[in-house]
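For reference, the chains in residue letters:
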Amino acid sequence: MSPSVPAVAYPRNRLRRNRTDEWCRRLVAETTLTTADLVWPVFLVEGTGQRQPVASMPGVERMSIDLMVDAAAAAADLGIPALALFPLVPSERHTDDAAEAYNPDNLMCRAIRAIRAAVPGIGLVGDVALDPYTSHGHDGLYRDGRIVNDETVAVLVRQALTMADAGVDVVAPSDMMDGRVGAVRDALEAAGHDTVKICAYAAKYASAFYGPFRDAVNTGGFLKGDKRTYQMNPANGREAEREVALDISEGADMVIVKPGLPYLDIIHRVKERFGVPVFAYHVSGEYAMLKAAAERGWLDNDRTLIETLVGFKRAGADAVLTYAAPEAARLLAR
Ligand code: PBG
């Protein structure tokens, strides 16, 4: 039994006493949620003046770089510490070798340079994975019916270095290849990028909750098969601890558990066991569920959103990646 279980019985002990007034509820709150706990994932698109709503994610829009710069400035004004960037790459630049991933003038790198110049104070997280660039929608290279690990890692390293050269603050490998964190870390060190951080998607599950994201970056339609040979089986918790242990030993500065709500136990285990910065990813499908119910008037949007985010913090997350970051920041400012 935990030491916080009261030895004193009712009526000497009435737990409701501490809940009588707002000031007291605030005073004894175990968990706090602030704008400093939010990372905003955003979708980039080519062109200028482009703003494209994502149908399955109400309130989310792909933006061209010029508008993304304004959005980044607004996010910084709201106090949001960092953006996580994801590109919608024109289909003619999807190839079997994913070469666009390490083109220094690709959409990601141009966005990184533009935001970095205009909004110097905001943190920029660049996703490392090949799915925006491959012709088959997989995160790795596909050969003879399978995703090849080590050749993929070599391309991921080039992709990470290209983003680091463009000025990204954090590279976030979301591909789930074995050994990629160590390979990326060594390459960053060798290239003098010793302050570029690695936020590893250490425990990323083969989840059906990524559906709306694949709409947003247009990879869902042509994904061959599924990602279960590299993303984790949702049935596994101990394996998540092994993934996290490896990524830390390879040089990860922070780790992500993804998706969020169905995996709160994993967040808790990772925080308790390793004590490293751990982020929850409140993924596209979780966002879509909340918005769909709120649109129908079945759930209170604002209260369910804040309750969800507090839940991540209570489970042990240090921060949450959520498409609702600006909305949450506005609610928290009230
Ligand atoms: C792919 C990637 C995915 C997400 C982030 N990076 C989708 C996938 O693995 O297929 C999902 C994010 C979300 O659903 O919000 N590297």
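In case you missed it, the structure is sitting above this.
Attention in this report is confined to the structure presented alongside it.

Reading guide: rules and limits
- Residues numbered from 1 in each chain as written.
- Predicted model: local features only at pLDDT ≥ 70, side-chain atom pairs only at ≥ 80, totals over all residues.
- Heavy atoms only, no water.
- Patch = residues over 30% accessible without salt bridge, like charges linked within 9 Å, V, L, I, M, F, W, Y side chains within 5 Å.
- Areas by Shrake-Rupley, 256 points an atom, 1.4 Å probe, with all protein chains shown as cover.
- Salt bridge = Lys/Arg side-chain N within 4 Å of Asp/Glu carboxyl O.
- Lys, Arg positive; Asp, Glu negative; His and termini not counted.
- Charge placed at Lys NZ, Arg CZ, Asp CG, Glu CD.
- Helix = DSSP H or I, 4+ residues; strand = E, 2+ residues; numbered from the N terminus.
- Buried < 20%, exposed > 50% of the residue type's maximum accessible area, 1.4 Å probe, protein only.
- Contact = heavy atoms within 4.5 Å.
- Phe/Tyr/Trp six-rings, centres within 6.5 Å; stacked < 30°, edge-to-face > 60°.
- Lys NZ or Arg CZ within 6 Å of the ring centre and 35° of its normal.

**Quick notes on a positive patch on the surface**
Right, so step 1: A contiguous patch of positive charge on the surface is contributed by Arg14, Arg16, Arg17 and Arg19.
Right, so step 2: When you line up the elements, Arg17 lands in the segment before α1 (22–27).

**Considerations on helix α5 (residues 180–190)**
Right, so step 1: Those residues of α5 that sit buried are Arg180, Val181, Gly182, Val184, Arg185, Ala187 and Leu188.
Right, so step 2: Close packing links the buried residues of α5 with α4 (149–166), β8 (170–173), β9 (197–204) and α7 (238–249).
Right, so step 3: A positive phi of about 80° marks Gly192, the residue just after α5.

**Observations regarding the packing of aromatic side chains**
Right, so step 1: By the definition in use, this model includes eight aromatic pairs.
Right, so step 2: Ring centres 5.7 Å apart and planes at 15° place the aromatic pair Phe43 and Tyr323 in the stacked group. In this pair, Phe43 sits in strand β1 (residues 38–44) while Tyr323 sits in the loop between β12 (319–322) and α11 (325–333), placing the two residues 280 residues apart along the sequence.
Right, so step 3: Look at Tyr323 and you get buried, because its relative accessible area is 4%.
Right, so step 4: Where Tyr201 meets Tyr281, the ring centres are 6.1 Å apart and the plane angle is 35°; that geometry is what we call tilted. With Tyr201 in strand β9 and Tyr281 in strand β11 (residues 278–282), this residue pair connects regions lying 80 residues apart in the sequence.
Right, so step 5: The exposure class assigned to Tyr281 is buried, which follows from its relative accessible area of 1%.
Right, so step 6: Taken together, Phe43, Phe86, Tyr201, Phe213, Tyr281, Tyr287 and Tyr323 form an aromatic cluster joined through their ring pairs.
Right, so step 7: Positioned above the aromatic ring of Tyr210 is the side chain of Lys258, whose terminal nitrogen or guanidinium carbon lies 4.8 Å from the ring centre.

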